[in-house]
Amino acid sequence: MKNIPPVQILKIVGQCKASNGSVGKGKVQDIRDTIENHDAAGFFLAVSTQITNPLTEALEKLNEKQLWSDWWNRDDIEFRLNQNQDLIPKFDKVLNIKKTIKFVDE
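Computed from a predicted structure; not experimentally measured. (Residues numbered from 1 in each chain as written. Predicted model: local features only at pLDDT ≥ 70, side-chain atom pairs only at ≥ 80, totals over all residues. Heavy atoms only, no water.)

**Student:** Just checking my understanding: could you explain the overall build of the protein chain for this structure?
**Tutor:** Scanning the protein chain for helices and strands turns up three helices and three strands. Each helix (α) and strand (β) of the protein chain, taken in turn from the N terminus, gives the series β-α-β-α-β-α. The buried share of the protein chain, reckoned over its 106 residues, is 27%. Long-range contacts, defined as pairs at least 24 residues apart, comprise 65% of the intrachain contacts of the protein chain with a sequence gap of at least 6. Of the roughly 8300 Å² of accessible surface on the protein chain, 50% is carried by carbon and sulfur atoms. (Helix = DSSP H or I, 4+ residues; strand = E, 2+ residues; numbered from the N terminus. Buried < 20%, exposed > 50% of the residue type's maximum accessible area, 1.4 Å probe, protein only. Contact = heavy atoms within 4.5 Å. Areas by Shrake-Rupley, 256 points an atom, 1.4 Å probe, with all protein chains shown as cover.)

Pasting the structure below:
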């Protein structure tokens, strides 16, 4: 089942934001313009903390306008890394492994 292709392939604009506090709309501006400028079908945001309610609402509105959107916070990213540990060695210069991620013996 691991090699099942996606149902649909979409061109998505992605942004990453690192912050000590919550990431708000002021840090992620002109989302729709960015999508349109890149002729994309949606927007993905990865953040090191949490996003604010107004930013959550803005991203949810994209879905209402038939544009794809999703976001991951630190917990989501760490959960996915823990579930897909084979990715960790491939990006060793990018990822700093936290103590909460435990490698599984194969």
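On we go.
**Student:** How should the environment of A18 be read in this particular structure?
**Tutor:** Within the secondary structure layout, A18 lies in the loop between β1 (12-17) and α1 (31-37). By relative accessible area, which is 72% here, A18 ends up exposed. In this structure the C-alpha to C-alpha distance between A18 and V47, which are 29 residues apart in sequence, comes to 5.8 Å.

**Student:** Even after reading the chapter, I still don't get the sheet that holds strand β3 (residues 68-72), so can you show me in this structure?
**Tutor:** Hydrogen bonds along the backbone pair up the strands of a sheet, which may run parallel or antiparallel. Within the open sheet, the three strands sit side by side as β1-β2-β3. Their pairing is parallel. The open sheet has two edge strands, β1 and β3, and neither has a second partner. The sheet shows a mean angle of 10° between the axes of neighbouring strands, direction not considered. Bridge count between strand β2 (residues 42-47) and β3: five bridges; the pairing is parallel. Residue pairing in the sheet places F44 in a bridge with D70 of β3. (Pairing = 2+ DSSP bridges. Axes fitted to C-alpha atoms, helices over the stretch in contact; angles between N-to-C directions.)

**Student:** Any chance you could explain the environment of I9 here in plain terms?
**Tutor:** Among the structural elements, I9 can be located in the segment before β1. Look at I9 and you get exposed, because its relative accessible area is 75%. The spacing of I9 and A41 is 32 residues in sequence and 9.7 Å in space, taken between C-alpha atoms.

**Student:** Hey, could you run me through a positive patch on the surface in this one?
**Tutor:** Taken together, the side chains of K25, R32, K61 and K65 present a region of like positive charge at the surface. Tracing the sequence through the fold places K25 in the loop between β1 and α1. Overall, K25 belongs to the partly exposed group, its relative accessible area being 46%. (Patch = residues over 30% accessible without salt bridge, like charges linked within 9 Å, V, L, I, M, F, W, Y side chains within 5 Å. Salt bridge = Lys/Arg side-chain N within 4 Å of Asp/Glu carboxyl O. Lys, Arg positive; Asp, Glu negative; His and termini not counted. Charge placed at Lys NZ, Arg CZ, Asp CG, Glu CD.)

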